[in-house]
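Breakdown of the fold
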Amino acid sequence: MTKIFLFLLCTFFAFQPPTTFAKTPPPMKKYATKNGMPYALVAGGSKGIGYAVANALGKRHYNLILIARGMDSLTKAKQVIEELYNVEVKILSKDLSLENSAEEIAAYCMENKLPVSFLANVAGLGGADDYLTLPLEKLRYMVNLNVESAMALTLTMLPNLEMNTPAHIVNVASMAGMAPIPTKNMYSATKSAVMYFSYNLRYQLKEKNISVSCLCPGPVYTKESIRETTHKNLGKNIGDWMAVPPPKVGEVTVCKTLKGRMIIVPGGLAKTFSIFLRMLPKRWSASMYNAVASEN
């Protein structure tokens, strides 16, 4: 019955006009870079949503600083983006869950005189296992990567962003942060923290000419395990219907962030369902998610 209810609800809200994207004009200010454009720093920019965001920024002629743990994937991303968009791409291999990473990244940007006007905090950890099935060490890692890294990197990069206004920050949360999900307890809790942090930061930085946005995507199948978890939590039909391809997520994220949108939910169906989630009492949404997971 729960699946039928969700299916009918999504069907009711599904008929949305197609989303169109206006080309965002480049910043008017000229920077001391080869192409006269500033840098965008993408934490978690070598794969998945982060790579899609990096591509969308490169298409708009932003130079890039990509941060991730794996040097192989970073090198590949650098080669592809530089060839496609003729921009300069710097890469740094850093574990963003470590305490000193944010300060080291900010110092690197300042020491190399890299003007950063766009910060995307994309790095995060999810997965099928969660609170009752993960060891404490892994749970702490999830909190550090999903929450602390975004807060720390934003704080350490603020001096650079303030020198290159108008500037933009986008933090990546999830629709999972809009409602409690018993089978994804820690993940939904950390993404909720990122969302509320973004809301508050938006007002704190308003007078500094730095806009803050928060990406809250529904299902994005960047790997097979995400597809499987989505089918478990939402059911196969609704999950697949709501899913948005990574390139579209990247395009929507950059377009809406540059326009100053606060909450960004790519996809008409996902956006409509997110409104329903935010209106629904949390006790009801937790019960609904739990029922769907139990049926699977």
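Remember, it's a predicted structure, so these values are computed and weren't measured experimentally. (Residues numbered from 1 in each chain as written. Predicted model: local features only at pLDDT ≥ 70, side-chain atom pairs only at ≥ 80, totals over all residues. Heavy atoms only, no water.)

1. Topic: the nonpolar core
- Membership of the largest hydrophobic core comes to 33 residues, with the highest contact counts inside it found for Leu41, Ile65, Val116, Leu153, Met157, Leu161 and Ile169.
- Elements that contribute at least two residues to this core include exactly strand 1 (39-43), strand 2 (63-68), helix 4 (101-111), strand 4 (116-121), helix 5 (136-162), strand 5 (167-172), helix 6 (185-204) and strand 6 (210-215).
- Among the elements that line this core, the one with the most residues is helix 5, at 8 residues.
- In this structure, Leu153 is in contact with Leu41, Ala43, Ala102, Ile105, Leu119 and Asn121, ignoring residues within four places of it in sequence.
- Leu57, Leu215, Leu258 and Ile264 belong to the second-largest nonpolar core, a separate cluster that totals 30 residues. (Core = buried A, V, L, I, M, F, W, Y, C linked by side-chain atoms within 4.5 Å. Buried < 20%, exposed > 50% of the residue type's maximum accessible area, 1.4 Å probe, protein only. Helix = DSSP H or I, 4+ residues; strand = E, 2+ residues; numbered from the N terminus. Contact = heavy atoms within 4.5 Å.)

2. Section: unusual backbone geometry
- Here the bond from Thr165 into Pro166 is cis, since omega is 0 degrees, no more than 30 degrees from zero.
- Looking at where Pro166 falls in the secondary structure, it is placed in the loop between helix 5 and strand 5.
- Here the phi dihedral of His61 falls at roughly 75 degrees; this positive angle occurs in a residue that is not glycine.
- Locating His61 in the fold gives a position in the loop between helix 2 (48-59) and strand 2.
- Although it is not a glycine, Asn209 sits at a positive phi angle of roughly 65 degrees.

3. Some points on the sheet that holds strand 2
- Strand order in the open sheet formed by 7 strands is 3-2-1-4-5-6-7, with parallel pairing between adjacent strands. The sheet terminates laterally at strand 3 (89-93) and strand 7 (263-264), the two strands that pair on one side only.
- Judged from the 5 bridges that link them, strand 1 and strand 4 form a sheet pairing that is parallel. Bridge pairing links Ala43 to Asn121 in strand 4.
- Against the sheet, helix 6 touches strand 5, strand 6 and strand 7, its axis set at about 160 degrees to strand 6. (Pairing = 2+ DSSP bridges. Axes fitted to C-alpha atoms, helices over the stretch in contact; angles between N-to-C directions.)

4. Some thoughts on the confidence of the model for the protein chain
- Per-residue confidence for the protein chain gives a mean pLDDT of 87; residues scoring 70 or more make up 85%.
- Across residues 1-27, confidence stays below pLDDT 50; counting only partners more than four residues off in sequence or on other chains, it has 40 contacts. (pLDDT = per-residue confidence, 0-100.)

5. A closer look at the environment of Leu66
- Relative to the helices and strands, Leu66 is located in strand 2.
- Given the relative accessible area of 0%, Leu66 is considered buried.
- When the C-alpha positions of Leu66 and Lys94 are compared, they lie 9.9 Å apart, and in sequence the two are 28 residues distant.
- Other than its neighbours up to four places away in sequence, Leu66 contacts Val42, Gly45, Ala54, Leu74, Ala77, Ile81, Val89, Lys90, Ile91 and Leu92.

6. Some points on the state of the cysteines
- According to the stated counting rule, one finds 0 disulfides in the structure shown.
- Free of any disulfide, Cys214 has its nearest neighbouring cysteine sulfur in Cys216, separated by 3.8 Å.
- By relative accessible area, which is 0% here, Cys214 ends up buried. (Disulfide = S-S within 2.5 Å.)

7. Re the pairing of strand 5
- Burial runs high along strand 5: 6 of the 6 residues are buried.
- The side-chain alternation of strand 5 yields two buried faces, one formed by Ala167, Ile169 and Asn171 and the other by His168, Val170 and Val172.
- In this region the chain leaves strand 4, passes through helix 5 and returns to the parallel neighbour strand 5; the handedness of that crossover is right-handed.
- Of the strand pairs in this sheet, strand 5 and strand 6 are connected by 6 bridges, and their pairing is parallel. The residue of strand 6 that forms the bridge with Val172 is Leu215.
- Each parallel crossover has a hand, and the one from strand 5 via helix 6 to strand 6 is right-handed. (Right-handed = clockwise from strand over helix to strand, strands pointing away.)

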